[in-house]
Amino acid sequence: MSNTSPLIQIDNLSARIRNEDQTLFPLQGVSFSIERNVRMALVGESGSGKSLTASAILGMLPTGSQITDGTIIMNERNLALISEKEFQKIRGKEISIVFQNPKASLNPVRTVGSQIAEVLRVHERINQKQSHDKAIQLLESLGLPDPKKRARDYPHQYSGGMAQRAALAMAMACQPSLLIADEPTSGLDATLQQQVLDLLTQQVQHQKSSLLLITHDISVVGATCEQVAVMYGGRIMEVGPTELILRRPMNPYTEKLIESFSRSQDGKMTSIPGTVRPPTTELKGCPFADRCHMANKQCHTHLPELAPKGDRLIACINV
Amino acid sequence: MRILAYIGQRLVLLIVALLGVSIITFVVTRVLPGNPAYLIVGVQADYSTVAAVIEKLGLDKPIPEQYFLYMKQLFAGDLGSSWRTGNPVTYDLKSRWPATIELATIAMLLAISWAIPLGLVSALKKRSITDRLAKILSGLGVSIPEFWLATLLILVFFAIFHIAPAPIGRISRASPPDLITGMYLIDSILTGNMTALKASAKQIILPAVTLAFVIGAPLLRVTRAFMNEVLESQYIRSARAMGIPKQSLIFRHALPNVLLPVTTMIAVLYGYLLGGTVLVEYVFAWPGMGKYAIDSINSSDYAPVMAVVLLSALSYLIIYLLTDLLHFFIDPRTR
Amino acid sequence: MLQDQLNRDAKKSLTHNMKWWLIKILYTPCYLALAIIFLIALIGPWFVGDPLALSVGPRLTAPTLASPFGTDQYGMDILSRVVNGARIDLLAGLSAAMLAASIGMPLGAFAAYRGGVWDQVMLRTSESFQAFPVLILAMGAIAALGSSMLNMIMVIALVNVPVYIRLTRSAVLPLRDKDFVLAARCAGLTDWKILRRHILPNVAPVIIAQFSVNCAWAIQILAALSFVGLGVKLPTPEWGAMVRGGSDYILYGQWWVSVFPGLAILLTVLTLNQVADRIGQIRR
């Protein structure tokens, strides 16, 4: 395979959630791709579908939901179609994830070392002893002090920062080509946020993996990611190089999103007027049309497709 | 060393709880009506004979002194005598406690074997037929009066289909095995007495099934609820995201976490069963502690009631202690 | 769909919307069942014959059209007795649960609110009650005090008190240091007023659910006491006593004497437990 093809390419991905009393359409034609050895951010308000996109990539959609359309191509396989059994071999090996609360991601009744070792044994042909030794090495490479002893400790004996390292060690154990970080910094104060992001960047660079950073906070993106995709209402609104998009956003939604974060630093909180559209129906027009100051009649009736504009892709009929 | 401190602390609590239990039961049983002295010497006896018996029993002393005497006897291993059977209570209990333990253990094993798997499966397959069945069974089990269920089982399996033997105690149409532990099933295996084994196994099935159904319901609920909670936890989601296969997710990741609340529930239920399952023993004429207690209450026989209550409180507390110890080993967070 | 809507609106409807209540009852099987059971207890006896009339027909007859549940060993009509029994069992269950709640709740709330020594004493006492074989204790007490209805209600209530203490305590404890309680205290409200106005409304669903469970439990204990011959005696139409009365005939296949009153206990207890589950769900 040539190294120029993207690591993972998502095309027109749509998903539906059906529960007892209603049907939701949280993803309605999501398209973007992640290049090899690139750090990419997926940014959007809560309810935009960004976490669900991550779940779809991992084949771990919540019960009651399914992919209705579209493809997720990775290494010439369509992840939208493969079986749970095949996915088991991909998860943790080719694609991995770290969650928001690292302590809650570790099983409380098993030692940290044994949990990392088990992941290694699932994906690699090594025995009990080797896997435990390697788990200790991994913890050490992530800068955990006294890894030999720490591997035998239980999660409740870990501090938050140590748990973060352990969760990352587990996620990176089999050198996945894509690491997803799902809101890794929310709830942390600014100094800790930077530490976590630095750690992620360093690990991903070291192992030549790609990173998909999922966050609602566009302000953490700049220093970490080379690419950014902005998501709203189950669609991608704008994708491109971070510097370009942060400095000169073109989609009105991106503009508003950046504005709401930059002003909040002066102490003046601005938010985007209106509320996030609940995904109860399939889209007919632009998902942002109801809240957009530039919206015209066509915006409500015409679904904007992602189209190239200079170095970026943008979905808006007005630009 | 922490384990020793832990055990010590638990033991102190156990002794305090037992003292409380003994005081309360002593007060309750002492106000039982009917003068026991008459039961011993007969109603026709003259006043002086009765007075002599009262004095001998210490019934004329003030209540606190009576309690003190009782506790003194208790520490000497003397639980008093039953006026109804004419035996020392310890002698009576020697045959009755094993009967209750045997029934309780079989019932507990049956309950574990249906309730836990069903609870796990219903949590794993939500809204399936199994899940619905589990909901119905646990609802019924919690609500059904156990004496009525016992009566129904006798109706169906004895009166209508003649499969089960008559509800007349631990063994019928055979002589009991030579006693070693006092539990008929174990003793007949130990002595190789197949006739007794068969006969006593037949007798134990219906009462054990009754109890297993009633006891299984809360066990099922707890298993299902905690399995649900654990399956939705982030560490299971995280382990799944690392490609851990389903089998390992269930058995190595989820199950150890569910085991903690489930073992507590098992302990509570087993402790309850060991206290004498009054109603079921009553219906099946099972000569265990519960029936002993009822018969004694009906004849105003203080000592056996007090002994049964103390013994069941003791077994409850000891089982609870053992569960705590078990948790000390399986739950790293307590260490 | 309606269910969820109803649940969401439960808080509102609890206080003022009577129409919602009616719809809710009609659409939720367990509420409907409870309403029917109460209706039977309330007006049922007027529609059936005298539960104590002897030899209305032949004795121990299997169910027929004339007496759908059959007759017992005295020739009394079982349907009439089961319907009349609803009054006795429900009334006893309700009053026992009410009495238990009115003793246990204030004690539990007080223990949690005050904390310290009182809390420890209350907690340890109610915990050591857990070790008791409750039924044996209740039986001993009834045997001692005499099996009048009042005594039984008191004894059943008493064994239920520790449950309320523990439950109320654990429901109030997390509220104690909440901001609105502290604010009320700063405003100079008395402890009692804070408990009543600010804490009680917040723990109400838990307490109501527990009340329903305890009602069920009280009925079970009453029936059990009567079943072993310590509680209500025949010919009073109490369900447990009726099951006991028929248990000898079960051996000969005459099932109806025991089966119908037992079924009445099961359905009533099941309904009360389901109602408790439902109320517990609303809370979440």
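Quick caveat: nothing in here was measured; it's all calculated off a predicted structure.

Our focus in this paragraph is the overall build of chain A. Regarding its fold elements, chain A presents 10 helices and 12 strands. By the compact-globule yardstick of 20 Å for 319 residues, chain A fits well, its C-alpha radius of gyration being 20 Å. Considered along the principal axes of its C-alpha atoms, chain A spans approximately 65 × 45 × 45 Å. Buried residues in chain A amount to 53% of all 319 residues. Put simply, 64% of the contacts in chain A that link residues at least 6 apart link residues at least 24 apart. Computed over 34 positive and 31 negative side-chain charges, the separation of the two mean positions in chain A equals 3 Å.

This next bit is on the interface of chain B and chain C. Between chain B and chain C, the residue contacts involve 41 residues of the former and 39 residues of the latter. Carbon and sulfur atoms make up 79% of the surface buried where chain B meets chain C, a total of about 3,200 Å² over both sides. In terms of surface lost to chain C, no three residues of chain B exceed B:S143, B:F147 and B:W148, which account for 19% of the buried area on that side. Here chain B is connected to chain C by 1 salt bridge. Scanning the region where chain B abuts chain C turns up 6 residue pairs in polar contact (both at pLDDT 80 or more). Among the secondary structure elements, those contributing two or more residues to the side of chain B that touches chain C are α1 (2-30), α6 (129-143), α7 (146-160), α12 (278-283), α13 (289-298) and α14 (302-330) of chain B. Grouping the constituent residues of the side of chain B that touches chain C by class yields 33 nonpolar, 7 polar and 1 charged.

All right, on to the pattern of salt bridges then. All names here are of chain A. Considering all chains together, one arrives at 21 salt bridges over all chains under this definition. In this structure, the salt-bridge partner of K149 is D153, at a minimum N-O distance of 3.6 Å. Judged by relative accessible area, K149 falls into the partly exposed class, the value being 41%.

For any two helices packed against each other, the geometry is given by the interaxial angle and the distance between the axes. It is at 10 Å that the axes of α13(B) and helix α7 (residues 134-145) of chain C come closest, and there the two elements cross at 10°. Overall, the two elements α13(B) and α7(C) adopt an arrangement that is roughly parallel. From α13(B), B:A293, B:I294 and B:I297 reach across to α7(C), where they touch C:I136, C:M139, C:G140 and C:A143. Of the residues belonging to the contact of α13(B) with α7(C), the class tally is 6 nonpolar, 1 polar and no charged.

With that settled, consider the side chain of C:N160. Counting through the fold element by element, C:N160 comes out in helix α8 (residues 149-176). Among the polar contacts made by the side chain of C:N160, one reaches the side chain of C:N214 at a distance of 3.1 Å.

On to the domain arrangement of chain A, then. All names here are of chain A. Assigned domains within chain A: domain 1 (8-94 + 179-314) and domain 2 (102-175). At the boundary of domain 1 with domain 2, total buried surface from both sides reaches about 1,100 Å², with 60% on carbon and sulfur atoms. On the domain 1 side of the interface with domain 2, the three residues burying the most area are K93, L199 and Q207, jointly 44% of the side's total. Counting the contacts that link domain 1 with domain 2 gives 0 salt bridges. Taken together, the links from domain 1 to domain 2 amount to 1 residue pair in polar contact (both at pLDDT 80 or more). Elements supplying a minimum of two residues to the side of domain 1 that touches domain 2: α2 (84-90) and α7 (190-206). For the side of domain 1 that touches domain 2, the element with the most residues is α7, which contributes 5 residues. Residue composition of the side of domain 1 that touches domain 2, grouped by class: 5 nonpolar, 5 polar and 3 charged.

A separate point is the sheet that holds strand β1 (residues 8-18) of chain A. All names here are of chain A. Pairing is antiparallel in the open sheet, where 4 strands are placed in the order β2-β1-β4-β5. Among the strands making up the open sheet, the edge pair consists of β2 (23-34) and β5 (77-78). Along the sheet face, helix α1 (residues 50-58) touches β1, β2 and β4 (65-74) and points at about 70° away from the line of β2.

A word on the nonpolar core. Of all hydrophobic cores here, the largest spans 140 residues; its most connected members are B:L93, B:M108, B:F147, B:L219, C:I136, C:M139 and C:I265. Looking at which element gives the most residues to this core, the answer is helix α9 (residues 194-231) of chain B, with 14 residues. Looking at which domains feed residues into this core, each of domain 1 (2-75) and domain 2 (89-334) of chain B gives three or more. The residues contacting B:F147, other than those within four sequence positions of it, are B:L279, B:V283, C:A223, C:A224, C:F227, C:G240, C:V243 and C:I265.

Attention now goes to the pairing of strand β10 (residues 235-241) of chain A. All names here are of chain A. The element β10 is largely enclosed, with a buried count of 6 among its 7 residues. Here 6 bridges tie strand β9 (residues 227-232) to β10, and the two strands are oriented antiparallel to one another. Directly across from A229, in β10, lies its bridge partner V239. If you look at the hairpin formed by β9 and β10, you'll find 2 residues sitting between the two strands, and G233 has a positive phi there, around 55°.

Looking now at the sheet that holds strand β3 (residues 39-43) of chain A. Residue and element names in this part refer to chain A. Overall, mixed pairing links the 8 strands, which are arranged β6-β7-β8-β3-β9-β10-β12-β11 in an open sheet. The open sheet has two edge strands with one neighbour each: β6 (95-98) and β11 (307-309). In this sheet, adjacent strand axes meet at a mean angle of 20° when their direction is disregarded. The pairing of β6 with strand β7 (residues 178-182) spans 4 bridges and is parallel. When the sheet's bridge partners are listed, I97 is paired in β7 with I180. In the packing of helix α6 (residues 160-172) onto the sheet, contacts are made with β6 and β7, and the angle to β6 comes to roughly 170°.

Reading the values: the criteria
- Residues numbered from 1 in each chain as written.
- Chains lettered and ligands numbered in written order.
- Predicted model: local features only at pLDDT ≥ 70, side-chain atom pairs only at ≥ 80, totals over all residues.
- Heavy atoms only, no water.
- Helix = DSSP H or I, 4+ residues; strand = E, 2+ residues; numbered from the N terminus.
- Rg over C-alpha atoms; globule rule 2.2 N^0.38 Å.
- Buried < 20%, exposed > 50% of the residue type's maximum accessible area, 1.4 Å probe, protein only.
- Contact = heavy atoms within 4.5 Å.
- Lys, Arg positive; Asp, Glu negative; His and termini not counted.
- Charge placed at Lys NZ, Arg CZ, Asp CG, Glu CD.
- Buried area = accessible area lost by both parts, 1.4 Å probe.
- Salt bridge = Lys/Arg side-chain N within 4 Å of Asp/Glu carboxyl O.
- Polar contact = N/O pair within 3.5 Å; in protein donor to acceptor, adjacent residues only side chain to side chain.
- Nonpolar A, V, L, I, M, F, W, Y, C, P; charged D, E, K, R; others polar.
- Axes fitted to C-alpha atoms, helices over the stretch in contact; angles between N-to-C directions.
- Parallel < 35°, antiparallel > 145°, perpendicular 65-115°, else oblique.
- Domains from an automatic or database assignment.
- Pairing = 2+ DSSP bridges.
- Core = buried A, V, L, I, M, F, W, Y, C linked by side-chain atoms within 4.5 Å.

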